[in-house]
Structure formats: C-alpha cells, structure tokens
Amino acid sequence: MAEESDLEKTEPASPRRLEKAREEGQVARSRELVTFVMLTTGISALWLMGEMMANHFGSALRNGLQFERASAFDPSHMMVQAGTAVLHALQALMPMLAMMLVAALVAPMALGGWLFSSKSLAPNFSKLNPVAGIGRMFSAESLAELVKTIVKSLLIGGVAWWVISDNLAAIMALLSEPVRAALPHTLKLVATSCALITGALLLVVAIDVPYQLWNHIRKLRMSREDLRQEQKESDGDPQVKAQIRRQQQQMAKRRMMAEVPKADIIVTNPTHFAVALKYHDKDMRAPRVVAKGTDLVALRIRAMAEENKVPILEAPPLTRALYRHTQLGQEIPVALYAAVAEVLAWAYQLNRQHSEGGVAPRAPTDLPVPESLDPLGNAA
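Reference entry: report on the structure contained in this document. On a predicted model such as this, the values are computed, not experimentally measured, just so you know.

### Digging into the overall build of the chain
A tally of regular secondary structure across the chain gives 17 helices and four strands. In the chain, the proportion of contacts linking residues at least 24 apart, taken out of those at least 6 apart, comes to 75%. Summed over its atoms, the accessible surface of the chain is roughly 25,000 Å², and 63% of this surface lies on carbon and sulfur atoms.

Listed below in structure tokens is the structure:
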C-alpha cells in the first residue's frame, strides 16, 4: 500500500516541474477564450468601421460594374480595373484584419502567457501510434471536449435562432430600401446579431477557462517518488556527493602532508595529536598551522618530520590548544604567542647545533599555555 501511494500522482507540481513543462510548451490554453476575443474584436471593428467599409465596398462595386469601350479592346485596362477593385477591398478590410492580428497575439497572454518553444515543434512519432490515438479518443478529456462542443453548439444555435427571429421584420425591410442606405444598415444589423450570438460564448469561456487551468494542474501532478527523484537530482546523489567529499578530503590531506617537510617544528601530544608550525618574518605576522591531525594522521606527520629532519617537540598542552583553536593555514591565537615563540627559538637553536655543532639546546618545559585554551585544562 505504501508503494502504491508513493506512485500515485497526488502531489502538486513543483516549481521545477512547472518550469520544465513551460520549456516544453505545456501551458494552460483555452481555445474558447482565443475564439471569443477574436470574434469580439472582429465584431467591434465591424461595428465601428461598418460605414467606412460600406463606402469602400460600394466604390469597388461601382468601379467593377462600369464598362468602358476601351476595356473591350485593351486587356490591360481590365487588369487595371481589377487591381483598383482589390485595392479598395484591402483598404476596407485592412483595419479590421490588423485589429484581429493584434487580438490573436494578445489573447494567449491572458491565460498561460505568450510562449515560443522549439521543443513543441520537434517531431513526436509516439503520436502516430494508433493504439494511443484510440485511447485518446475515448479518454475522459475527449469526453469533456465532446460535451463542451455539444453545449456550445446548442447554446449558439439557440441564440442565433432567437436573434434572427426577433429581427426578421428588419431583415425583410432591407428589401425595400435603396442600395446606398441598405448596405450600411445590413452591416450594422449583421454586427448586432453577431455580437449577441458571440455573447453566448462568454458563458462557454467562463466554464472553459477554469476547467483548462484545473486540467493543466492535474496533468502536472507528481507522485512522492517523483518528488524524491527530483530532490535527488537537484541536490545530487548522496553516494556521489559522499565520494566527492572523500576525494576532496584526500586531496586536502595530501596538500597538508606536503607542507610537513617545509614546517619549522612539529609539536605532539605525544602520539594522539600532532601540529606543524611555520613562520617567516617577512611575509607572516605570526606563526601559522600548516598541518595537524590525530592518531594515524598524527603518526604520519611525525614519520614525515623524522624523514625530513624537522624538529619534533612533545608539548601536550600547547599541541591540544593549537589543534582545537586553530584551523589549517590560520595564524595561532595571540594567547599562544609566548609559548610558540619559545618552541620556535628552541627549533632554530637545534637546527644551528645540527649544522654547526656544539651543545644541544635544552627542550623548553612548562610552556605558558592558558588553561582556557587547553581542552583537558577546561575539563579539569
């Protein structure tokens, strides 16, 4: 039961899933909304510019019905008349076509925004599968579209019958009007009738837009397993991250061990801790910790120091304090300046004794290490 619930798509889509769907061209769209906006724009243009369009069409009609003797003997004259008629028609229709073009570009922004995706243009041969096509024909979404089409047809058909029946007397009266007066009256009557019929689409749009939003969200739902997989992809596989972390630690350890032969002195605890110190008065304000470790790492630091003849001093309190309170590459705390100065002085004297001979210096003891910096001192 737990596995089934994990595979059921009951969780809302994550922001990453929504962004990916948008990149693939999957956004909420309502064809009824676009159709309604374009029809409303066209009818508004017809209502506002009906008289101007009637004048242009009337001029084109008059020019087309005129006959001149030259047209019978000169075919080019006939082409000129045809071009003039086409020009008058374009002048009449151009404003309305421009308004509808703007409406076609703006309407999709009302739901889902304007989107261009190259992925949606890529060929998808799975859509040619007849079995999948039959499944889509009898799906719940196709049934909803069928019901919506039937309701829309009945609604628009009923409103169209009511509008025509109510304006039947006005339509018949057009037969007795002169052509010059009947043409603009006809266009206005057509615009009024179309506006009432298109108004019926507003109910369809009011139902279709929420349905398309709900259906889009439903399609993008995710299962708990999908969410876990997405989280794993975004954060990275824990096993891969652990391996990378191990490699980083190994690289950092190799870099640290490479600094041991360059150190001035190694202080130990004597075996559990080891800290390597280095100081150059020209480019350092204070000594720095260049390597440190415990147990096996501490033994490895001691072994490398012995191989490279780096002085080693057993100073448990100082070693513990340096290990606890100083990171790699950092300068030592101010409270440990005096203790480290004694240790470095001993190391310099020991190196001089090795190179020039003489009596070996005595190792410093009772180094001034504050108890607040020594972990064992705090415990005591």
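From this point, the narrative continues.
### Side note on the pattern of salt bridges
Within this structure, the stated rule accounts for three salt bridges. In this structure, the salt-bridge partner of Arg224 is Glu11, at a minimum N-O distance of 3.6 Å. Of this pair, Arg224 sits in helix α12 (residues 224-235) while Glu11 is found in the loop between α1 (2-7) and α2 (15-23), placing the two residues 213 residues apart along the sequence. For Arg224, a relative accessible area of 41% puts it in the partly exposed group. Of the residues examined, Glu11 reaches a relative accessible area of 22% and is grouped as partly exposed.

### Quick word on the nonpolar core
Ranked by internal contacts, the top residues of the largest apolar core, which has 22 residues, are Ile265, Leu277, Leu318, Leu322 and Leu336. Elements that contribute at least two residues to this core include exactly β1 (265-268), β2 (273-278), α15 (316-325) and α16 (337-356). Among the elements that line this core, the one with the most residues is α16, at seven residues. The residues touching Leu318, leaving out its near neighbours within four places in the chain, are Val267, Leu336, Ala339, Val340, Val343, Leu367 and Val369. If you look at the next biggest cluster of nonpolar residues, it comprises 14 residues, including Val260, Ile266, Ala291 and Ile301.

### Remarks on the sheet that holds strand β3 (residues 288-294)
The four strands are arranged β3-β2-β1-β4 in an open sheet whose pairing can be described as mixed. Bordering the open sheet on either side are β3 and β4 (312-314), each of which pairs with just one other strand. Strand-to-strand, the axes of this sheet are offset by a mean angle of 20 degrees, without reference to chain direction. Seen against the sheet, α16 touches β1, β2 and β4 and runs at an angle of roughly 125 degrees to β1.

How each quantity is defined
- Residues numbered from 1 in each chain as written.
- Predicted model: local features only at pLDDT ≥ 70, side-chain atom pairs only at ≥ 80, totals over all residues.
- Heavy atoms only, no water.
- Helix = DSSP H or I, 4+ residues; strand = E, 2+ residues; numbered from the N terminus.
- Contact = heavy atoms within 4.5 Å.
- Areas by Shrake-Rupley, 256 points an atom, 1.4 Å probe, with all protein chains shown as cover.
- Salt bridge = Lys/Arg side-chain N within 4 Å of Asp/Glu carboxyl O.
- Buried < 20%, exposed > 50% of the residue type's maximum accessible area, 1.4 Å probe, protein only.
- Core = buried A, V, L, I, M, F, W, Y, C linked by side-chain atoms within 4.5 Å.
- Pairing = 2+ DSSP bridges.
- Axes fitted to C-alpha atoms, helices over the stretch in contact; angles between N-to-C directions.

So yeah, pure geometry; function would need other evidence.
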